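Structure assessment
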Amino acid sequence: MIKYIFLLLILLVSCAHAPVQPETTPAGIPRETLKWRSALLRDVRYYWGVERSPAVFFGQLHQESRWRETARSSVGASGLGQFMPGTAAMMQRGYNQEFKELCREAGGCPLDGRWAIRATVLFDRDLWRQFSFTSVEKERFAFALMGYNAGSGWVRRERANAPDSTAWFSSTETVCLRAERFCAETRNY
């Protein structure tokens, strides 16, 4: 009996460390996420720490590109993270060391999935740090994601005109200084 328990234990331990690539994914989750899963998990853990849930980042990249590396928007954003050319170049300049093994182009490499994932994770971290005025975790992430979608300048302007500039729902949800369609896009984001 002990022999069988020992063998079962060895089997369980060895299976726990084996990478599993499921044949199917849960409903609504694109198969393409499997291709980028380990890269995203690695970057989130490295740049944010192991306690940070990667769920927001998975959702963000899904919203941005539906996990298509070659996605392009009508306004010029491209790649998994939908970076505008100016933002991609800014990220490449600001994080040259983090990108040197991935890309050496001055304008960044937003169509390279690894580059786009790392740039998204780092850009989110920068935005997170900018919006430290609120200690509510979900609101702080909401402000950071709004900054990613709309630009942090718009977040600051609209927040400055809000009745309570520390709360997500009284600022970004109710104040719109841009065309309404852009505000609606950001609220839905």
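Residues numbered from 1 in each chain as written. Predicted model: local features only at pLDDT ≥ 70, side-chain atom pairs only at ≥ 80, totals over all residues. Heavy atoms only, no water.

**Focus: the pattern of salt bridges**
Working definition: two side chains of opposite charge can pair if their charged atoms are close together. Tallied over the entire structure, the rule returns seven salt bridges. Note that glutamate 69 and lysine 35 form a salt bridge whose closest N and O atoms lie 2.7 Å from each other. Of this pair, glutamate 69 sits in the loop between helix H3 (55-65) and helix H4 (85-94) while lysine 35 sits in helix H2 (residues 32-48), and the two are 34 residues apart along the sequence. You can call lysine 35 exposed: its relative accessible area is 53%. Within this structure, Asp43, Glu101, Arg114 and Arg118 form a network of salt bridges that share partners. (Salt bridge = Lys/Arg side-chain N within 4 Å of Asp/Glu carboxyl O. Helix = DSSP H or I, 4+ residues; strand = E, 2+ residues; numbered from the N terminus. Buried < 20%, exposed > 50% of the residue type's maximum accessible area, 1.4 Å probe, protein only.)

**A few points about the packing of aromatic side chains**
In total, this model carries 15 aromatic pairs according to the counting rule given. An angle of 80° between the planes, with centres 6.0 Å apart, marks the rings of phenylalanine 57 and phenylalanine 141 as edge-to-face. Highlighted residues: phenylalanine 57 in helix H3 and phenylalanine 141 in helix H7 (residues 137-150), separated in sequence by 84 residues. Phenylalanine 141 carries the same exposure label as phenylalanine 57, and that label is buried. Among the aromatic residues, ring-to-ring pairing joins Phe83, Phe99, Trp115, Phe123 and Tyr148 into one connected group. Stacked on the ring of tryptophan 154, the Lys or Arg arginine 157 has its end atom at 4.3 Å from the ring centre. The cationic tip of arginine 159 hangs over the ring face of phenylalanine 133; the distance from NZ or CZ to the ring centre is 3.5 Å. (Phe/Tyr/Trp six-rings, centres within 6.5 Å; stacked < 30°, edge-to-face > 60°. Lys NZ or Arg CZ within 6 Å of the ring centre and 35° of its normal.)

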